[in-house]
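# Structure assessment
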Protein chains: 2
Amino acid sequence: MSKGLLIVISGPSGTGKGTVCAELLSQTPELAYSISATTRQPRDGEVDGKNYYFLTKEAFEKMIGEGGFLEYANVYGNYYGTPLGKIEERREAGQDILLEIDTQGALNVMKRCPDGLFIFLLPPSLPELERRIRGRGTETEESLARRLGSAKKEIEIGRSYTFVVINDTVRQAVKRIKAIMVAEHCRRDKEELIDEVLE
Amino acid sequence: MSKGLLIVISGPSGTGKGTVCAELLSQTPELAYSISATTRQPRDGEVDGKNYYFLTKEAFEKMIGEGGFLEYANVYGNYYGTPLGKIEERREAGQDILLEIDTQGALNVMKRCPDGLFIFLLPPSLPELERRIRGRGTETEESLARRLGSAKKEIEIGRSYTFVVINDTVRQAVKRIKAIMVAEHCRRDKEELIDEVLE
């Protein structure tokens, strides 16, 4: 049994990570989603224990103290973190696992799990990124300006990822991510595939 | 413009390289096929200048002397070679190029072009490999025994390739190879993709 993939999907705020990951999961039932924890307020339609674990600041900091996170970061005043859970055990059992995290979190996971597939989701252009964040309708003008201001810096971080996927349409982005998963299995499972034929 | 991929599809004799490459090319019009040269006899339906350049031994050896091959090998008494042609110039212009070669040839190309995508096409089982070679109907019992005898050794060589793709069905094998191409573009074109968005 080959080790499962750790697929880390990340990108600047507003690039559409959540929509792409939801579509990827619906098309790929064998993929397990690692639910992040956050102290930010739920957006419309977001469900605790499904989209995120919504925690109080106190509960989050207690979990930090107990070493309960693979990584965590404070982004624009809110905590975001990846609960360690049983990520490595599940991968050893052959399970592919999906993480959706911000760029700061991804850089931390790169250090802890260098065998992850780090996929940077790129908006097709900066004006389109602004349009998407405005369309979400959850930002004040101040937080919008702050997010756009840091987008260029965040996009530069994409150079340190393994893969860059343009999110021009959700369909195309999901297709590319699925291709990356297939290709990585052809790469990483090669010894196992050969052993099976020679047995 | 990112450099085009050099896709090297290889595997043991009888594993179905020719059929898979033909289907891949028909589904991927933007992929250019690098036609090999050989001194073996054409099989039914094979066309000179399309499937292979069929050369005499003398013509092949003259081309060796002129440094005209990326690699060449003598397999079961016949020469097979990859004409240098304009492979590198075409890749620099962004063209993806497909090579279909035997395992001996692929090992030589690995040394000359370490940035190639080396895809080992694996039969689903050894009995199935024998069935396929028999089905081709072009082998004597002697050459069949020789090919099967070397198949296990050839399959071991697959461990040194970048990717292993099982040729269980042509459709599935082609789908996996196309996924590898998409994924490698997401990997290798990442700087270009980021530059375009930041421009």
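Since the structure is predicted, the reported quantities are computational estimates derived from the model, not experimental observations.

### Considering unusual backbone geometry
All names here are of chain A. The phi torsion at Tyr76 lies on the positive side, around 50°, for a residue other than glycine. Here Tyr76 lies in the loop between β5 (69–75) and β6 (78–83). Judged by its relative accessible area of 28%, Tyr76 is partly exposed.

### As for the sheet that holds strand β3 (residues 36–38) of chain B
Residue and element names in this part refer to chain B. Overall, mixed pairing links the four strands, which are arranged β4-β3-β6-β5 in an open sheet. The sheet is open, and its two edges are formed by β4 (52–54) and β5 (69–75), each paired on a single side. Across the sheet, the axes of successive neighbouring strands diverge by a mean angle of 20°, strand direction being ignored. Of the strand pairs in this sheet, β3 and strand β6 (residues 78–83) are connected by two bridges, and their pairing is antiparallel. From the neighbouring strand, Ala37 faces β6, where its bridge partner is Gly81.

### Overview of the interface of chain B and chain A
With 32 residues of chain B in contact, the opposing surface of chain A contributes 32 residues. Both faces considered, chain B and chain A share a buried interface measuring about 2800 Å² in area, 67% of it formed by carbon and sulfur atoms. On the surface where chain B and chain A come into contact, there are six salt bridges. Notably, a salt bridge pairs Glu184 of chain B with Arg187 of chain A, separated by 3.0 Å at the nearest N-O pair. There are twelve residue pairs in polar contact (both at pLDDT 80 or more) connecting chain B and chain A. Secondary structure elements with two or more residues in the side of chain B that touches chain A: α6 (141–157), β9 (163–166), α7 (170–188) and α8 (190–198) of chain B. Here the side of chain B that touches chain A gets eight residues from one element, more than from any other, and that element is α7 of chain B. Considering only residue class, the side of chain B that touches chain A consists of 19 nonpolar, four polar and nine charged.

So, how was this worked out
- Residues numbered from 1 in each chain as written.
- Chains lettered and ligands numbered in written order.
- Predicted model: local features only at pLDDT ≥ 70, side-chain atom pairs only at ≥ 80, totals over all residues.
- Heavy atoms only, no water.
- Helix = DSSP H or I, 4+ residues; strand = E, 2+ residues; numbered from the N terminus.
- Buried < 20%, exposed > 50% of the residue type's maximum accessible area, 1.4 Å probe, protein only.
- Pairing = 2+ DSSP bridges.
- Axes fitted to C-alpha atoms, helices over the stretch in contact; angles between N-to-C directions.
- Contact = heavy atoms within 4.5 Å.
- Buried area = accessible area lost by both parts, 1.4 Å probe.
- Salt bridge = Lys/Arg side-chain N within 4 Å of Asp/Glu carboxyl O.
- Polar contact = N/O pair within 3.5 Å; in protein donor to acceptor, adjacent residues only side chain to side chain.
- Nonpolar A, V, L, I, M, F, W, Y, C, P; charged D, E, K, R; others polar.

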